[in-house]
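# Notes for the structure review
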Amino acid sequence: MAPTRPLAHHAVRAALLDLIAEWGSITSNQAAQMIRQSSGTCSFHLRQLARYGLIEEAPTGDGRSRPWRLRWEGSLMPPGTAEEPARRAAGHDLAPELASDLEDGSYRHWLANRSAAPDEWQRDHTSSDVLHLTADELADLGAAVRALLAPYRQREPRAGTRPVAAVTRLFPLLAEDRPEPGTH
C-alpha cells in the first residue's frame, strides 16, 4: 500500500502550515479562529502533520496550551534529505513529497487570493527556465542559490516584512525517448 500524501487534497493542512510559517507557532484554538474551522478539526490535522514529521510541539511555560511549530528552521525539508536518494527511493522519507505538496498548494492559494493582498504585495517574482548544465554546475548553482537566501532565513519579523516563500527546484529533466546530447 502506497503511503498517504498528507497534504494532497487537504486545504486545512496547507493553511495550518502557512499559519505556522507566518506566526512561528500556533495552537489549534488560534488556528480555528483564523481559518474558520473547528478547534477539533485543527487539532486533528496538526497531529497528522506532526505524525508525518513536518511540525512538532513548541515548548510552553503554562502547561495548558499546546502550540505547534515547524520542525526544521527555514525549510520543510530535514537537513541532509537531498543527500539520501536511496532512503527516499525506498519510501522511508516523505519530506520532499510533502514539501512539494505544500509549495504547490501555497502557490495555488496565492494565485487564487493575491487580489486580497495590499497593492505592493500583489506581484510575485516567479520564473521558470530550462538550463543546460553539467552535474557539477547543477550542484554549484544549487549552492549559490542557498547562499543567496541564507542571510534572509534567520531574520525576525519586523514592520514592512511578510513571510515570503522562496522555492527553488533544480533537477534534471528526464527524456526517456530522446538520446543524450552528443550520442547517436
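Refer to the structure printed above.
Residues numbered from 1 in each chain as written. Predicted model: local features only at pLDDT ≥ 70, side-chain atom pairs only at ≥ 80, totals over all residues. Heavy atoms only, no water.

Turning our attention to the overall build of the protein. Broken down by element type, the protein carries six helices and two strands. Taken from the N to the C terminus, the helices and strands of the protein come in the order α-α-α-β-β-α-α-α. Counting all 184 residues of the protein, 22% fall into the buried class. Across the protein, contacts joining residues at least 24 apart in sequence account for 44% of those joining residues at least 6 apart. (Helix = DSSP H or I, 4+ residues; strand = E, 2+ residues; numbered from the N terminus. Buried < 20%, exposed > 50% of the residue type's maximum accessible area, 1.4 Å probe, protein only. Contact = heavy atoms within 4.5 Å.)

To continue, consider the pattern of salt bridges. Inspection of the entire model under this criterion finds three salt bridges. With a shortest N-O distance of 2.9 Å, Glu 56 and Arg 69 are connected by a salt bridge. Of the two residues, Glu 56 is situated in strand β1 (residues 55-57) and Arg 69 in strand β2 (residues 68-70); the sequence distance between them amounts to 13 residues. With a relative accessible area of 31%, Arg 69 lands in the partly exposed category. (Salt bridge = Lys/Arg side-chain N within 4 Å of Asp/Glu carboxyl O.)

What follows covers the packing of helix α1 (residues 11-23) against helix α2 (residues 28-35). Running from N to C, α1 and α2 point in directions that differ by 110 degrees, and their axes come no closer than 11 Å. Relative to α2, α1 is oriented roughly perpendicular. The chirality of how α1 crosses α2 is right-handed. Judged by residue contacts, Val 12, Ala 15, Leu 16, Leu 19 and Trp 23 of α1 engage Ala 31, Met 34 and Ile 35 from α2. (Axes fitted to C-alpha atoms, helices over the stretch in contact; angles between N-to-C directions. Parallel < 35°, antiparallel > 145°, perpendicular 65-115°, else oblique. Left-handed = near helix turned anticlockwise from the far one by under 90°.)

Among the surface-exposed residues, Val 130, Phe 171 and Leu 173 lie close enough to one another that they form a single nonpolar patch of about 350 Å² accessible area. Position of Leu 173 relative to the elements: it lies in the segment after α6 (135-153). Residue classification places Leu 173 among the exposed positions, given a relative accessible area of 59%. (Patch = residues over 30% accessible without salt bridge, like charges linked within 9 Å, V, L, I, M, F, W, Y side chains within 5 Å. Areas by Shrake-Rupley, 256 points an atom, 1.4 Å probe, with all protein chains shown as cover.)

Moving on, we come to unusual backbone geometry. Its identity as a non-glycine residue notwithstanding, Arg 36 has a phi of 55 degrees, on the positive side. If you trace the backbone, Arg 36 turns up in the loop between α2 and α3 (39-51).

One pass over the structure, following the stated rule, counts zero aromatic pairs. Its end group placed over the ring of Trp 121, Arg 162 keeps NZ or CZ at 5.6 Å from the ring centre. (Phe/Tyr/Trp six-rings, centres within 6.5 Å; stacked < 30°, edge-to-face > 60°. Lys NZ or Arg CZ within 6 Å of the ring centre and 35° of its normal.)

Functional significance is not addressed by these values, which are geometric in nature.
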